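Inside the fold
What follows is each chain in one-letter form.
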Amino acid sequence: MNSEPFISVVLPTYNGQAYVAKAIESVMRQTYRNFELVVVDDGSSDETPEILRGLSRRYGKIVIITHEKNTGFVKTLNDGVGRAQGDYVARIDDDDVWCDERKLEKQATFLQEHGDYGLVGGGIIHVQEQGKEIGRYLFPERDEDIRNTLLTDNAFAHSAVVFRKDLWEKVGGYKEEFHFFADWALWLALGSISKLYNFPEYFTLYLEKEQGGDYGRRNTEIRRKIRANLQLALRYRRQYPGFWKALLLSFAKYAYSYMPFRHRVRSALNRLRIFFLGSPGYTFVHTHKGQEHNKPMCVMGAGYVGLVTSVCFAELGNQVICMDRDKDKIEALSRGIPPFYEPGLEELLYKNLSAGRIRFTADAKEGVQACDIIFICVGTPQLHDGKADLSQVEDASRAIGQYAASDKIVVEKSTVPVNTGIRVRELLEQSRTDESIHFSVVSNPEFLRQGAAINDFFHPDRVVLGFEAGESQKDRVLSLYEAIDAPKIATDIASAELIKHASNTFLALKISFINLISRLCEETQADVKEVAWGIGLDKRIGYSFLEAGIGYGGSCFPKDIRAFQKILEEKGIHSALLQAIEDINASQKELFAERIKASLGEVRGKTIAVLGLSFKPNTDDMREAPSISILGKLQQGGAGRIKAYDPQAMNNAKRIFMDGIEYSQTPYEAAKDADALVILTEWNEFKDLDLEKIRALLRRPVVIDGRNIFDPSRMRELGFTYIGIGRAQ
């Protein structure tokens, strides 16, 4: 099956002068390139047509359809979809912002692979109990299940959707009767002839939104929209088993919402129970079929991998005991407070604490004796010689052997060198107190990206499981992942361990390779974005991880590559390739620091605004972050002031930079009176800055972009001196 479908993005606009350019540019930032953009101007009376003509000259992928006078939304949308050449159509509003640069590919690929689905929602808007928006998030940052984007109690969809064009034709195009509430009616009309969404959930969420919105409950326009949607739903009611029951439940839920005080009291009591008692109250929960087990599972380690694994297995309906030696961490987790930031984690933690599916302990004996399946998710930091420190894995193995009173399945999930499974078995058998106890050792490496770990757990590329020869518990371990729709690789332990290290090394190789190419681009006036696009369209290579920048960091790539290098050296295998990966990555940071100095003449006495401190977006992790090296060199160069802003990582940064850094509350505060703006992390909110405001705040309009998040020609038009990575200057 073709993994790169051609997609038509349809953008209707009317008097969109204030935001249409921003919408178009955000679409054009997509790393996925096999698409066209069809912009339909509904007879704008402002300067939108002139803006569109200018943008069409800049971007070759734009098709402009204009009307001489206001022809209405219905015709505008139908004209755009009718002109669309793709089998899949993405329909967006002109005020939409496409934060996730892989969104088009992800949505259309999902539709390709699920023929019984016809519609995929764009993102979610989290709302408070009374309907007030508290923030927009576009997946994968907050998406937990692409099929259930709308079907949650506290969120409703954004208006960006992708659908199969044949469905549009099947419902006869967009109709005037849908126009009372355009987005919801569009989803309903297309979703009604697929299996994706059901009307009762739409209706409930719609009522919840409008109850707290600007219109008010008694507004006649709202009642008119409700009637229109009801009529549409009745037409397609046969598509939904149990339609009337679900519809009545929707009305009951809405009626219940007239008593918000009761709901608030119930929610507060649950939180108070957890806060004071460290244990959940009694609640009714829905578990996933096939995921209930007689005994809980134990996860040893409440760090990044351990906590995400614990919470996600609990979300699948398992009883989970998470054990960690840090008593302060255990106490905080028992109250629903995670020790680090990961999108969606705190919400899932609170949910499963309330449901009684997860608990935390500092007592290894309690966890081992209560569970038959034990995951080892402890840290494997780097030793001074580059090897992986396996002391925590060894301690966990000894504890399991010592406290085991029955047969155990021991799953190593930590990133470990190949053949660690042999050492784990040795320690288990050496420390056991009863020779009759049998241990099954399994390797199950994790592939959780920080910032997208929840999504990666539930929607992995693959699940890798390594078993010993003749393992009798294989089916039981595989059943843990029964609800996960992904290829299951059942192999030997050594192969499973090696898959993890080899995967991380290859991804780091791609990053260092494109950074090397970026240097050549700068010397030859080529554009690394275009080069990476051309390379990535080769299916044997792929575009992922071909983003030039200031190099990789974090807790995985640096230490894993050094550990892998040591493994090769110990086996007498030449490891120069891995050393080159490291050398390129280290020098990329040094080159960028020198670029900042060169752009300012010198940094001594200068004020520099820095956006982004964490090693990647959507995490507060500062381990091996490129910002540490780069800011250190600026400080050594005598920078007068460094004003930094990061959405999540500033508290962790304060522990690293003990002095010399001023922390701002917003990007604009950081930019005020700065001699240059430096971008070190590609947070989505930086991509959508008000650039004219930034230019006005800066003392000198210099932007040095270490992540290539802006278009150079656009930045120059706005009056900036713009310096990227591998871009023609």
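Given the structure is predicted, the values throughout are model-derived calculations rather than measurements.

Looking at the overall build of the protein
Of regular secondary structure, the protein possesses 28 helices and 23 strands. Taking all 729 residues of the protein together, 56% fall into the buried category. Taking contacts inside the protein between residues at least 6 apart in sequence as the whole, the part at least 24 apart equals 75%. If you sum the accessible surface of the protein, you get close to 31,600 Å²; carbon and sulfur atoms cover 51% of it.

Examining the nonpolar core
With 59 residues, the main nonpolar core has F592, I596, I608, V610, L613 and L631 as its most contacted residues. Not counting the four nearest positions on each side in its chain, L613 is found in contact with M622, A625, S627, L631, A644, D646, M650, A653, Y663 and T681. Formed by 42 residues, the second largest nonpolar core is a distinct cluster that contains L316, L345, A453 and V477.

Quick notes on the pattern of salt bridges
Close approach of charged atoms allows side chains with opposite charge to pair. Summed over the entire model, instances satisfying the criterion amount to 32 salt bridges. For K351, the salt bridge goes to E315, with nearest N and O atoms at 2.8 Å. One end of the pair, K351, is in helix α13 (residues 345–355); the other, E315, is in helix α11 (residues 304–315), and 36 residues separate them in sequence. Across the pair R398 and D395 runs a salt bridge, and its minimum N-O distance is 3.3 Å. Placement of the pair is R398 and D395 together in helix α15 (residues 391–403), with a separation of three residues, close to one helical turn.

With respect to the sheet that holds strand β20 (residues 662–663)
Read across the sheet, six strands follow the order β20-β19-β18-β21-β22-β23 without closing on themselves; strand pairing throughout is parallel. With partners counted over all chains shown, the strands left at the sheet margins are β20 and β23 (721–723), one partner each. Bridging between strand β21 (residues 676–679) and strand β22 (residues 702–705) involves three bridges; their strand directions are parallel. Residue pairing across strands places I679 opposite D705, the latter belonging to β22. Running over the sheet, helix α22 (residues 576–600) touches β18 (607–611), β21, β22 and β23 and is turned about 170° from β22.

Things to note about the packing of helix α19 (residues 493–524) against helix α21 (residues 557–570)
Where α19 meets α21, the closest approach of the two axes is 9 Å, and the angle between their N-to-C directions is 115°. Crossing angle aside, the handedness with which α19 passes α21 is left-handed. Between α19 and α21, the residues in contact are L498, K500, H501, A502, N504, T505, L507, A508 and I511 and F557, D560, I561, A563, F564 and I567, respectively. Class assignment for the residues of the contact of α19 with α21 results in ten nonpolar, three polar and two charged.

Structural notes on the pairing of β18
In terms of burial, β18 is a largely internal element, five of the five residues being buried. Residues T607, A609 and L611 of β18 are buried on one face, and the alternating residues I608 and V610, pointing to the opposite face, are buried as well. Where the polypeptide runs from β18 across helix α23 (residues 626–636) and back to strand β19 (residues 641–645), its parallel neighbour, the crossover connection is right-handed. Direction of pairing for β18 relative to β21: parallel, over a ladder of four bridges. Pairing of L611 across the sheet is with I679, part of β21.

With respect to the confidence of the model for the protein
Overall, the prediction assigns the protein a mean pLDDT of 80, with 76% of residues at 70 or greater. Predicted confidence is poor over residues 123–159, with pLDDT under 50, and the contacts of this stretch with residues over four places away or in other chains come to 117 contacts. Predicted confidence for residues 195–202 stays below pLDDT 50, and this span has 35 contacts to residues more than four positions away or in other chains.

Concerning the packing of α15 against helix α16 (residues 420–431)
The packing of two helices is summarised by the inter-axis angle and the distance between the axes. Between α15 and α16, the least distance of the axes is 7 Å, while the angle of their chain directions is 35°. Helix-helix and strand crossings are classified by hand; for α15 and α16 the assignment is right-handed. From α15, V393, E394, S397, R398, I400, G401 and Q402 reach across to α16, where they touch T420, R423, V424, L427, L428 and S431. Of the residues that constitute the contact of α15 with α16, the class distribution is five nonpolar, five polar and three charged.

Re unusual backbone geometry
We note that F545 has phi near 70°; this positive angle belongs to a residue other than glycine. With respect to the helices and strands, the residue F545 is situated in the loop between α20 (528–536) and α21. Positive phi is not limited to glycine here, since E624 has a value of about 55°. The residue E624 is located in the loop between β18 and α23 in this model. A relative accessible area of 40% places E624 in the partly exposed class.

Structural notes on the sheet that holds strand β14 (residues 408–412)
With respect to topology, eight strands assemble into an open sheet ordered β12-β11-β10-β13-β14-β15-β16-β17, the strand pairing being mixed. The open sheet has two edge strands, β12 (358–361) and β17 (488–492), and neither has a second partner. Taken over all neighbouring pairs, the strand axes of this sheet differ in orientation by 25° on average, direction set aside. Relative to strand β11 (residues 320–323), strand β10 (residues 297–300) runs parallel, the two being bridged by four bridges. Opposite C298, over in β11, you have I321 as the bridge partner. Most of the contacts of α15 go to strand β13 (residues 373–376), to which it runs at about 165°, and overall it touches β10, β13, β14 and β15 (439–443). On top of the sheet, α16 reaches β14 and β15; it is set at about 160° to β15, its chief contact.

Examining the packing of aromatic side chains
Counted according to the given criterion, the structure contains eleven aromatic pairs. With a centroid separation of 5.7 Å and an interplanar angle of 80°, the aromatic rings of Y552 and F557 are classed as edge-to-face. Of the two residues, Y552 and F557, both sit in the buried class. Note on Y645 and F686: the rings are 6.1 Å apart at their centroids and 65° apart in plane angle, and the pair reads as edge-to-face. With Y645 in strand β19 and F686 in helix α26 (residues 684–687), this pair connects stretches of sequence that are 41 residues apart.

Considering α23
Among all positions in α23, only P626, S627, I630, L631, G632 and L634 are buried. Of the surrounding elements, those touching the buried residues of α23 are α22, β18 and β19. G638 sits one or two residues past α23 and shows a positive phi near 90°.

Conventions used here
Residues numbered from 1 in each chain as written. Predicted model: local features only at pLDDT ≥ 70, side-chain atom pairs only at ≥ 80, totals over all residues. Heavy atoms only, no water. Helix = DSSP H or I, 4+ residues; strand = E, 2+ residues; numbered from the N terminus. Buried < 20%, exposed > 50% of the residue type's maximum accessible area, 1.4 Å probe, protein only. Contact = heavy atoms within 4.5 Å. Areas by Shrake-Rupley, 256 points an atom, 1.4 Å probe, with all protein chains shown as cover. Core = buried A, V, L, I, M, F, W, Y, C linked by side-chain atoms within 4.5 Å. Salt bridge = Lys/Arg side-chain N within 4 Å of Asp/Glu carboxyl O. Pairing = 2+ DSSP bridges. Axes fitted to C-alpha atoms, helices over the stretch in contact; angles between N-to-C directions. Left-handed = near helix turned anticlockwise from the far one by under 90°. Nonpolar A, V, L, I, M, F, W, Y, C, P; charged D, E, K, R; others polar. Right-handed = clockwise from strand over helix to strand, strands pointing away. pLDDT = per-residue confidence, 0-100. Phe/Tyr/Trp six-rings, centres within 6.5 Å; stacked < 30°, edge-to-face > 60°.

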